[in-house]
Amino acid sequence: GAVVSQHPSWVICKSGTSVKIECRSLDFQATTMFWYRQFPKQSLMLMATSNEGSKATYEQGVEKDKFLINHASLTLSTLTVTSAHPEDSSFYICSASSGVPRGGSPLHFGNGTRLTVT
Amino acid sequence: TQLLEQSPQFLSIQEGENLTVYCNSSSVFSSLQWYRQEPGEGPVLLVTVVTGGEVKKLKRLTFQFGDARKDSSLHITAAQPGDTGLYLCAGFTGNQFYFGTGTSLTVIP
């Protein structure tokens, strides 16, 4: 159980275009979803926290107008990278929690999306 | 802000050797988790520790939570190539998880 599906697994786009990444919880309701960015062999950098039906909370330094997050249902959150540039190329990962995150509860991660902007 | 520092950042060892990864912070966490991530995939939870001084064993992996709940360690005995991956600790405080800086482990056959 507790499967999180992320799509697409990889995408190549041209500079200036927008890319949408989907994160779905397949067998549970995800009240909270997290979006991370990760560079090779480095840790996860939290970009934003999204709660179903409300605006996402962005971490300091993350441009909310560039990285649009929508959490319209309890099973789906989307991250749209708008006007992508080569420096946006990275590995983006989502994780989901079935309720208010608690210390004893695991985070369920998607398999990530490799974005390459040419 | 990176609350959790992991050391070493990179580690390359021969199969059969032992190793320890450290996860340190000046902050107190109500719990701490360890994840392992393989290239191109999301992290997978290995263990959760919640009590100061707690020790948990998972086959050849031993996890310890510091008495003050500010640090943790992961010890691997007789490492195998299948242990290769990125190891991440994650501390929980203030309703949020904070990930460590990561340790990239390579076990050479």
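Predicted model, so just to flag it, every value in this text is computed and none were measured.

Student: Now, about the overall build of chain B: what can you tell me, with residues and values included?
Tutor: When its secondary structure is counted, chain B shows zero helices and 11 strands. Its helices and strands in sequence order give chain B the pattern β-β-β-β-β-β-β-β-β-β-β, from N to C terminus. Radius of gyration (C-alpha) of chain B: 13 Å, near the 13 Å computed for a compact globule of 109 residues. Dimensions of chain B, computed from C-alpha atoms along their principal axes, come out at roughly 40 × 30 × 20 Å. A total of 109 residues make up chain B; the buried ones form 43% of that total. Sequence separation of at least 24 residues holds for 54% of the intrachain contacts in chain B that already meet a minimum separation of 6.

Student: Explain the interface of chain B and chain A to me, and be specific about the residues and the numbers.
Tutor: Each side of the interface is counted separately: chain B has 23 residues, and chain A has 21 residues. When the two sides are added together, the surface that chain B and chain A hide from each other amounts to roughly 1,700 Å², 59% of it contributed by carbon and sulfur. Along the contact surface separating chain B from chain A lie zero salt bridges. Run the count over chain B and chain A and you get three residue pairs in polar contact (both at pLDDT 80 or more). Top contributing element to the side of chain B that touches chain A by residue count: strand 4 (residues 31-37) of chain B, with four residues. For the side of chain B that touches chain A, the per-class residue count stands at nine nonpolar, 13 polar and one charged.

Student: I'd like a description of the environment of B:Y22, backed by residues and values.
Tutor: Residues and elements named next belong to chain B. Inspection of the secondary structure puts Y22 in strand 3 (residues 19-24). Overall, the relative accessible area of 41% leaves Y22 in the partly exposed class. The spacing of Y22 and G82 is 60 residues in sequence and 20 Å in space, taken between C-alpha atoms. Beyond its immediate chain neighbours, meaning those up to four positions away, Y22 contacts E5, Q6, S7, W34, S72 and S73.

Criteria and cut-off values
Starting from 1, residues in each chain are numbered consecutively following that chain's sequence as written. Chain labels run from A onward and ligand labels from 1 onward, assigned in the order the entries are written. Residue-level local features of this predicted model are given only where pLDDT is at least 70; pairs of side-chain atoms are given and counted only at 80 or more, and the full residue set underlies all totals for whole chains, interfaces and linings. Hydrogens and water molecules were not included; the side-chain quantities draw on all heavy atoms of the structure. Labels follow the DSSP assignment, with helices taken as runs of H or I lasting at least four residues and strands as runs of E lasting at least two, numbered in each case from the N terminus. What the globule rule says is 2.2 Å times the number of residues to the power 0.38, and the radius of gyration is computed from C-alpha atoms. Accessible area is worked out with a 1.4 Å probe on protein chains only. A residue is then buried under 20% of its type maximum, exposed over 50%, and partly exposed in between. In what follows, residue pairs with any heavy atoms lying within 4.5 Å of each other are defined as contacts. Summed over both partners, the accessible surface that disappears when two parts come together, traced with a 1.4 Å probe, is what is meant by buried area. Basic side-chain nitrogens of Lys or Arg form a salt bridge, by our definition, when they fall within 4 Å of a carboxyl oxygen of Asp or Glu. Throughout this description, a polar contact denotes any pair of N or O atoms lying within 3.5 Å of each other; where both atoms belong to protein, one of them has to be capable of donating a hydrogen while the other can accept it, and for residues adjacent in sequence the pair is counted only when both atoms sit in side chains. All amino acids are sorted into three groups, where Ala, Val, Leu, Ile, Met, Phe, Trp, Tyr, Cys and Pro are nonpolar, Asp, Glu, Lys and Arg are charged, and the leftover types, Gly among them, are polar.

Geometric values such as these leave the question of function open.
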